[in-house]
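# Structure at a glance
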Amino acid sequence: MNRHVPPHIAAAEARANGEGAAGCTDVAPIKQRGQHEVFCGLTSIIWLHRKVQDAFFLIVGSRTCAHLMQSAAGVMIFAEPRFGTAIIDDRDLSGMADMYEELDKVVDRLIARRPDIRMLVLVGSCPSEVIKLDLGRAAQKLNARMAPHVRVLSYSGSGIETTFTQGEDNFLHALVEATPKAAPDAPRQLLVAGCLADVVEDQFTRIFNGLGIDNVHFLPARAAGEVPPIGANTTVLMAQPYLTETAKLLARRGADVLIAPFPLGEEGTTAWLRAAADAFDVPGDRFDAITGAGRERAAKAVSLYRERLEGKRVFFFPDSQMEPSLARFLSREAGADILEVGTPYLNKAHMAPDLALLPDTVRLAEGQDVDKQIDRCRADDPDLIICGMGLGNPFEAEGRTTKWSIEFAFTPIQGYEQAGDLAELFARPIRRRDLLQVEV
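Model, not experiment: these values are computed from the prediction. (Residues numbered from 1 in each chain as written. Predicted model: local features only at pLDDT ≥ 70, side-chain atom pairs only at ≥ 80, totals over all residues. Heavy atoms only, no water.)

For the protein chain, the count of helices and strands is 18 helices and 14 strands. Every one of the 440 residues in the protein chain was classed for burial, and the buried ones make up 55%. Considering only intrachain contacts with a sequence separation of at least 6, the fraction spanning at least 24 residues in the protein chain is 75%. Accessible surface computed for the protein chain: about 19,200 Å², of which carbon and sulfur atoms make up 51%. (Helix = DSSP H or I, 4+ residues; strand = E, 2+ residues; numbered from the N terminus. Buried < 20%, exposed > 50% of the residue type's maximum accessible area, 1.4 Å probe, protein only. Contact = heavy atoms within 4.5 Å. Areas by Shrake-Rupley, 256 points an atom, 1.4 Å probe, with all protein chains shown as cover.)

Now the structure itself:
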């Protein structure tokens, strides 16, 4: 019987035998700790509040926090979002009011108004962190008073400490901490860690069930009470690359955390699904039968954009920690030339499969000194720059083509059915540039 070798394992074996390209695994990253330009961890609430449908995220912060969230979420005039801000004002800062009592009042009014809330999440911000407001203690007191009707958690979304995707990591870490440990004889289960759009979750559930993996759960779940007990019976497949602290906690619980390329594009999705299939001893012929049609659709959808992307020189600024996986997709499936991959934090253990599939010519950068990185970008003169919103307009004013990196976090891009959408996100600004060019 022929052994199936996932692409990143084949690349590693080729390197060990002195064959083929070296990949990017052993490339030493440029480590920078200067001024950086990223969103804060609060903005992850924009997708988290949509996912966990009976939770409410209460930010304890300033009016600036509230304005940021309103801007990130849009006007939302037709729906009441499941997040809000408890404003820290002058009375709180001057000591004229007991902030814990004020927070209790806000929470009581909120629960009275929204009786459908089953999980209340207190989210720390820069202001609450600076004045040392102990939201963990506040959550414990509220939980003692409101449980079991409402479960109360807390985590930090402060921009002092986190990039915007790390807010999700902090939330999932808090969620796992509050989840019971599974009994030693509990049935085996697959836990997919990382927030996915409902449509993507449904697609993956059908595939896993087709492979014969029926006991599948997602973290976070759509309802607060649907996260199962976690322990040695749990195999974890990470859907997002920025869950470093959550993965550590799951491993301490005894769970088996699988390492695989992340599910972007046909190749990444297949290797990701294969990691779960191998862990659950799914026969190779069954795997091919279940994934074959999806693989064909994904490859065909990406091919529609390859002509526009092939050979394009791309530069990634650090933003979400998704950059190595996105670069791998662009390089392997769209034929782009990757110049630099910047990422806020490079977890080499989690990213090793994606790095193994990148050319060894790629320049890696961990952290950021934004002025130095801008200088490197200008010197490279790329065809496409993936960057934060704060850099996008200045680069566009210089006549450069950009794509806001935050769109890759807000848009469903995982899985076979979204592979074409992912390619189109990269191709769209290049197409716009081509349409706007005027011949003189």
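Read on, since the account is not over.
Below, the discussion takes up the state of the cysteines. In the structure shown here, the tally under the stated rule is 0 disulfides. For C40, which is in no disulfide, the shortest distance to another cysteine sulfur is to C126 and amounts to 6.1 Å. Judged by its relative accessible area of 16%, C40 is buried. The partly exposed category is assigned to C126, whose relative accessible area is 28%. (Disulfide = S-S within 2.5 Å.)

Turning our attention to the packing of aromatic side chains. Counted by the stated rule, this structure contains 12 aromatic pairs. Where F204 meets F208, the ring centres are 6.4 Å apart and the plane angle is 40°; that geometry is what we call tilted. Within this pair, F204 and its partner F208 are both found in helix α9 (residues 198-210), separated by 4 residues, close to a single helical turn. Classification of F204 by relative accessible area gives buried; the value is 1%. Owing to a relative accessible area of 0%, F208 belongs among the buried residues under this scheme. When the centroid spacing of 5.1 Å and the interplanar angle of 50° are considered together, the rings of F315 and F317 count as tilted. (Phe/Tyr/Trp six-rings, centres within 6.5 Å; stacked < 30°, edge-to-face > 60°.)

If you walk across this open sheet you meet the 4 strands as β7-β6-β8-β9, and the pairing is parallel. The open sheet has two edge strands with one neighbour each: β7 (216-219) and β9 (256-258). Direction aside, the axes of adjacent strands within the sheet are offset by 25° on average. In this structure, strand β6 (residues 189-193) lies alongside strand β8 (residues 234-238), joined through 5 bridges in parallel fashion. Each bridged residue has a counterpart across the sheet, and for L190 the counterpart in β8 is T235. (Pairing = 2+ DSSP bridges. Axes fitted to C-alpha atoms, helices over the stretch in contact; angles between N-to-C directions.)

Position of R33 among the secondary structure elements: in strand β1 (residues 30-33). Considered as a pair, R33 and P344 are 311 residues apart in the sequence and their alpha carbons are 9.8 Å apart. With residues up to four places along the chain from it excluded, the contact list for R33 reads E366, G367 and Q368.

As a further point, take the packing of helix α12 (residues 284-309) against helix α13 (residues 323-334). At a closest axis distance of 10 Å, the pairing of α12 and α13 adopts a crossing angle of 95°. The angle between α12 and α13 falls in the class roughly perpendicular. Across the interface between the two elements, V302, R306 and L309 of α12 pack against F329, L330, R332, E333 and A334 of α13. Considered class by class, the residues forming the contact of α12 with α13 number 5 nonpolar, no polar and 3 charged. (Parallel < 35°, antiparallel > 145°, perpendicular 65-115°, else oblique. Nonpolar A, V, L, I, M, F, W, Y, C, P; charged D, E, K, R; others polar.)

Turning to helix α10 (residues 244-252), its buried residues are T244, T246, A247, L249 and L250. Among the structural elements, α8 (166-177), β6, β7, β8, β9 and α14 (348-356) are those in contact with the buried residues of α10.

Moving on to the sheet that holds strand β5 (residues 151-156). A sheet is described by the order of its strands in space; here 4 strands give the open sequence β3-β2-β4-β5, paired in parallel fashion. What marks the edges here is a single partner per strand, and that holds for β3 (83-87) and β5. Pairwise comparison of adjacent strand axes, ignoring direction, gives a mean angle of 25° for this sheet. Sheet topology places strand β4 (residues 119-124) next to β5; 6 bridges connect them, and they run parallel.

On to the packing of α13 against α14. Interaxial distance between α13 and α14 falls to 9 Å at its minimum, and their mutual angle equals 15°. It follows that α13 is roughly parallel to α14 by the angle criterion. Our pair here, α13 against α14, has a crossing hand that is left-handed. The residues of α14 that touch α13, namely those facing P324, S325 and R328, are M351, D354 and L355. Here the contact of α13 with α14 is composed, by residue class, of 3 nonpolar, 1 polar and 2 charged. (Left-handed = near helix turned anticlockwise from the far one by under 90°.)

The next point concerns α14. Buried within α14 we find H350, M351, P353, D354, L355 and A356. Between the side-chain oxygen at the start of α14 and the backbone nitrogen of A349 there is a gap of 3.2 Å, and the oxygen is on N347. (Polar contact = N/O pair within 3.5 Å; in protein donor to acceptor, adjacent residues only side chain to side chain.)

One can find I374 in helix α15 (residues 370-380). On the basis of relative accessible area, I374 is assigned to the buried category, the value being 13%. Sequence separation between I374 and F317 is 57 residues, and the spatial gap between their C-alpha atoms is 8.8 Å.

Mapped onto the elements of the fold, T43 is located in the loop between β1 and α2 (45-51). At 2.8 Å, the side chain of T43 and the backbone oxygen of C40 are in polar contact. Leave out the neighbours within four places in its chain, and T43 touches L68, M69, A72, F164 and F410.

Leaving glycine out, the prevailing phi sign among residues is negative, and the prevailing peptide bond configuration is trans. Here the bond from A147 into P148 is cis, since omega is 5°, no more than 30 degrees from zero. Counting through the fold element by element, P148 comes out in the loop between α7 (135-146) and β5. The linkage connecting L219 with the following residue, P220, adopts the cis geometry, with an omega of 5°. With respect to the helices and strands, P220 occurs in the loop between β7 and β8. A positive phi is found at D281, a non-glycine position, where the angle reads about 55°. Locating D281 in the fold gives a position in the loop between α11 (265-279) and α12. Residue D281 is classed as exposed on the basis of its relative accessible area of 66%. The backbone of Q321 shows a phi angle near 75°, a positive value even though the residue is not glycine. Within the fold, Q321 resides in the loop between β10 (313-316) and α13. In this structure Q321 comes out as buried when scored by relative accessible area, which is 3%.

These values are about where atoms sit, not about what they do.
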